[in-house]
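Each chain, letter by letter, is given below.
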Amino acid sequence: MVVPLHLVPKKNSGSRFCGDYRTPNARTFSDKYPVPHTRNFSHRLAGGNNFSKIDFVRVYHQIPVHPDDIQKTALTTPFGLFELPFMSFGLRNAPEHSKISWMKSLKT
């Protein structure tokens, strides 16, 4: 299934690309992954020495899509067909997968 790509104007200047994932999202079963409670999460920070900052916007674009599912990210443009090898905004389960990814990275 191929989704159309739209060029949407930004508030200040310029424009951004936006894939219309409504059709494939309607056919996708939603994954549920709870956000950890602050109490359960913050106790693990006690005694820590090194801390870093996580950019949750960029997290999406760093999570690889399974090779069998790359075809599901296909976008069509006037310049051709493009498939995304990394997670993209707009996919139904992208938020859940990004939460799972960063929670796994914090458990190490």
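Read on for a plain summary of the structure. Keep in mind that what you see is a predicted model, and the values were worked out from it rather than measured. (Residues numbered from 1 in each chain as written. Predicted model: local features only at pLDDT ≥ 70, side-chain atom pairs only at ≥ 80, totals over all residues. Heavy atoms only, no water.)

What about the overall build of the protein chain?
Applicable threshold: Where helices and strands are cited, they refer to DSSP runs of H or I of at least four residues and of E of at least two residues respectively, numbered from the N terminus. Summary of the burial criterion: residues with accessible area below 20% of their type's maximum are buried, those above 50% are exposed, and those between are partly exposed, where the area comes from a 1.4 Å probe applied to protein chains only. We call two residues in contact whenever any of their non-hydrogen atoms come within 4.5 Å of each other.
Along its length, the protein chain carries four helices and four strands. Along the protein chain, from the amino end to the carboxyl end, the secondary structure elements read β-β-α-α-α-β-β-α. Across the 108 residues in the protein chain, those meeting the buried criterion constitute 22%. Across the protein chain, contacts joining residues at least 24 apart in sequence account for 56% of those joining residues at least 6 apart.

Let's talk about the pattern of salt bridges
The condition is simple: Salt bridge, as applied in this entry: a Lys or Arg side-chain nitrogen positioned within 4 Å of an Asp or Glu carboxyl oxygen.
Enumeration over the complete set of coordinates arrives at two salt bridges. One salt bridge connects D20 with R22, and the closest N-O pair in it is separated by 2.8 Å. Judged by relative accessible area, which is 19%, D20 ranks as buried. Using a relative accessible area of 63% as the deciding quantity, one classes R22 as exposed.

What to know about the pairing of strand β1 (residues 3-9)
Note the following rule: Two strands qualify as a pair provided DSSP detects at least 2 bridges between them.
By the bridge criterion, two bridges tie β1 to strand β3 (residues 75-77) in an arrangement that is parallel. Within β3, the residue paired with V3 across the bridge is L75. In this structure, β1 lies alongside strand β2 (residues 15-19), joined through five bridges in antiparallel fashion. Note on β2: the bridge partner recorded for L7 is F17. Taking the residues that link successive antiparallel strands as the turn, the β1-β2 hairpin has five residues, and the phi of G14 there is positive, at about 85°.

Regarding the side chain of T73
So the rule is basically this: Within 3.5 Å is the distance limit for a polar contact, defined as a pair of N or O atoms, with the added protein rule that one can donate a hydrogen and the other accept it, and that residues adjacent in sequence qualify only through two side-chain atoms.
Within the element layout of this structure, T73 appears in the loop between α3 (56-60) and β3. Residue T73 is classed as buried on the basis of its relative accessible area of 2%. At 2.7 Å, the side chain of T73 forms a polar contact with the backbone oxygen of I70. Setting aside chain neighbours within four positions, we find T73 in contact with Y21, V65, F82, E83, L84 and L91.

Some remarks on the sheet that holds β2
Basically, it comes down to this: Only the stretch in contact is used when fitting a helix axis, every axis being a line fitted to C-alpha atoms; angles between N-to-C directions are given from 0 to 180 degrees.
The strand order across the open sheet built from four strands is β2-β1-β3-β4, with neighbouring strands paired in mixed fashion. This sheet does not close on itself; its edge strands, each paired only once, are β2 and β4 (80-82). The mean angle between the axes of side-by-side strands here comes to 35°, regardless of whether they run parallel or antiparallel.

Describing the environment of T23
Within the secondary structure, T23 sits in helix α1 (residues 22-26). Sequence-wise, T23 and V2 are 21 residues apart; in three dimensions their C-alpha atoms are separated by 9.3 Å.

Quick look at the side chain of D20
As for its position among the elements, D20 is in the loop between β2 and α1. Those residues in contact with D20 that lie beyond four places of it in its chain are V3, P4 and H6.

Regarding the environment of W102
Counting through the fold element by element, W102 comes out in helix α4 (residues 94-107). As for W102 and I63, which are separated by 39 residues in sequence, their C-alpha atoms are 9.9 Å apart.

Read these as geometric descriptors, not functional statements.
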